Amino acid sequence: MAQQILVTGGNGQLGSELRELSALTGDVFTFVDIDTIDLTDRARALAFLEERSPDWIINCAAYTAVDRAEEEPGIAEKVNAGIPAMLAEYGNKSGCRVIHISTDYVFPGDVARPLTEEDPPAPLSAYGTSKRNGETAMLSYKNGMVIRTSWLYSTYGNNFVKSMMRMMDERDELRVVYDQVGTPTYGTDLAGVILRIIEPGAGTYLPGIYHYSNEGIASWYDFAHEIREITQASCRIIPIETEEYPLPARRPAFAVLSKKKIRQQYMLQIPHWKSGLQRCIEKMKR
Ligand SMILES: NC(=O)c1ccc[n+]([C@@H]2O[C@H](COP(=O)([O-])OP(=O)(O)OC[C@H]3O[C@@H](n4cnc5c(N)ncnc54)[C@H](OP(=O)(O)O)[C@@H]3O)[C@@H](O)[C@H]2O)c1
């Protein structure tokens, strides 16, 4: 029997990737975003969920303006912690399985080794704090899953890849930090993994916390450099240090996620970040 799946944040990067891939499944998907329902309105949201009664909820709704969150931490908290808390409450009542997306920005990034699900979070920013509070709320529900990802980009929405491509067209030179290290994640690859997790018979659904990004590691400078290589832009990329480009929110210096747990649990072969980037840029050009 077809499963009923509700995707929140359906107009965002990841939500849009899920929408595209969902057409290939036999399940019934409903996509909602803030234009359908503001999920921070707890009473309305709970009534909406009770009426829909999905088998799964994939929560991609989020406040993702990392720097702006420093000025309006209350709004970030309401969205990034309040919505998962409401979904955990609904899950507790209904037994519905909930997959919630979180971030590497929950980590302080002060150790240069891949971070496991057991490593202690200690966010450096208001955004990271709100996302950590969302994780805690979701993990209070026994059927809740948290997938932390990093440096997400897509052909949909606004992201680093699109900004770099635009600026490489407009300028002769770009300065990009090389002392923040992580892994870019192509939204299509993450969406594919989420669909695999919810696929009936794909393996045992094991709630809890998981890390997923593409494989390999990169600095933002490396990421920009590769975008330049693939697009054959002529703009020069100059490596700089974080202190030369101060931003309101502090970011982790090293936040490479260990994917061992999700790889083993769901028997995944995770593509390298350069392969994801190549596919994304090819798709943008089509
Ligand atoms: N982007 C990254 O680099 C990155 C990295 C690591 C983890 N993540 C996490 O990955 C997940 C997906 O990220 P994404 O890049 O796809 O995010 P996104 O493109 O910003 O999409 C989030 C969507 O949620 C919607 N939304 C915001 N507040 C809402 C509310 N109160 N009720 C209902 N919908 C609401 C947004 O609408 P508006 O646009 O109108 O606000 C937007 O359409 C998020 O949990 C994010 O924290 C992202």
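That block above? That's the structure.
What comes next concerns the included structure. Note that this is a predicted model, so its numbers are computed, not measured. (Residues numbered from 1 in each chain as written. Predicted model: local features only at pLDDT ≥ 70, side-chain atom pairs only at ≥ 80, totals over all residues. Heavy atoms only, no water.)

### Some words on the site of the ligand
Near the ligand you find 26 residues, and of these Asp33, Asp38, Thr64, Tyr127 and Lys131 are the closest. Taking Gln13, its side chain carries an N or O atom lying 2.9 Å from an oxygen atom of the ligand. The side chain of Asp33 places a nitrogen or oxygen atom 2.7 Å from an oxygen atom of the ligand. Out of a free accessible area of 900 Å², the ligand has 79% covered by protein chains. Secondary structure elements with two or more residues in the shell around the ligand: helix 1 (13-22), strand 4 (97-103) and helix 5 (126-139). Examining the composition of the shell around the ligand, we find that three residues originate from one element, strand 4, more than from any other. (Near = heavy atom within 4 Å. Polar contact = N/O pair within 3.5 Å; in protein donor to acceptor, adjacent residues only side chain to side chain. Areas by Shrake-Rupley, 256 points an atom, 1.4 Å probe, with all protein chains shown as cover. Helix = DSSP H or I, 4+ residues; strand = E, 2+ residues; numbered from the N terminus.)

### Points about the packing of helix 3 (residues 73-80) against helix 4 (residues 82-94)
The relative placement of two packed helices comes down to the angle between their axes together with the axis-to-axis distance. Here helix 3 crosses helix 4 at 25°, and the two axes come no closer than 3 Å. Taken as axis vectors, helix 3 and helix 4 run roughly parallel relative to one another. Residue-level inspection shows Glu77, Lys78, Val79 and Asn80 of helix 3 in contact with helix 4, the latter providing Gly82, Ile83 and Pro84. Tallied by class, the residues present in the contact of helix 3 with helix 4 amount to three nonpolar, two polar and two charged. (Axes fitted to C-alpha atoms, helices over the stretch in contact; angles between N-to-C directions. Parallel < 35°, antiparallel > 145°, perpendicular 65-115°, else oblique. Contact = heavy atoms within 4.5 Å. Nonpolar A, V, L, I, M, F, W, Y, C, P; charged D, E, K, R; others polar.)

### Comments concerning the pairing of strand 4
Among the seven residues that make up strand 4, six are buried, leaving the element largely enclosed by the rest of the structure. Direction of pairing for strand 3 (residues 56-59) relative to strand 4: parallel, over a ladder of four bridges. Looking across to strand 4, one finds that Ile57 is bridged to Val98. Where strand 4 and strand 5 (residues 144-149) come together, six bridges link them in parallel fashion. Counterpart to His100 in the pairing with strand 5 is Val146. (Buried < 20%, exposed > 50% of the residue type's maximum accessible area, 1.4 Å probe, protein only. Pairing = 2+ DSSP bridges.)

### Description of helix 3
Listed in full, the buried residues belonging to helix 3 are Ala76, Val79 and Asn80. Seen end-on, helix 3 carries its buried residues on one side only, within an arc spanning 85°. Exposed positions of helix 3 whose direction lies more than 90 degrees from the buried face are Gly74 and Lys78. On the buried face of helix 3, the contacting elements are helix 4 and helix 5. (Arc of directions from axis to C-beta.)

### Quick word on the packing of aromatic side chains
Overall, the coordinates contain 12 aromatic pairs when judged by the stated rule. Between Tyr153 and Tyr186, the aromatic rings sit 5.5 Å apart at their centres with planes inclined by 10°, giving stacked as the arrangement. Within this pair, whereas Tyr153 is found in strand 6 (residues 152-153), its partner Tyr186 is found in strand 9 (residues 185-186), the two being separated by 33 residues in sequence. Each ring, one from Trp220 and one from Phe223, has its centre 6.0 Å from the other, and the planes form 35°; the classification is tilted. Within this pair, Trp220 and its partner Phe223 are both found in helix 8 (residues 220-231), separated by three residues, close to a single helical turn. (Phe/Tyr/Trp six-rings, centres within 6.5 Å; stacked < 30°, edge-to-face > 60°.)

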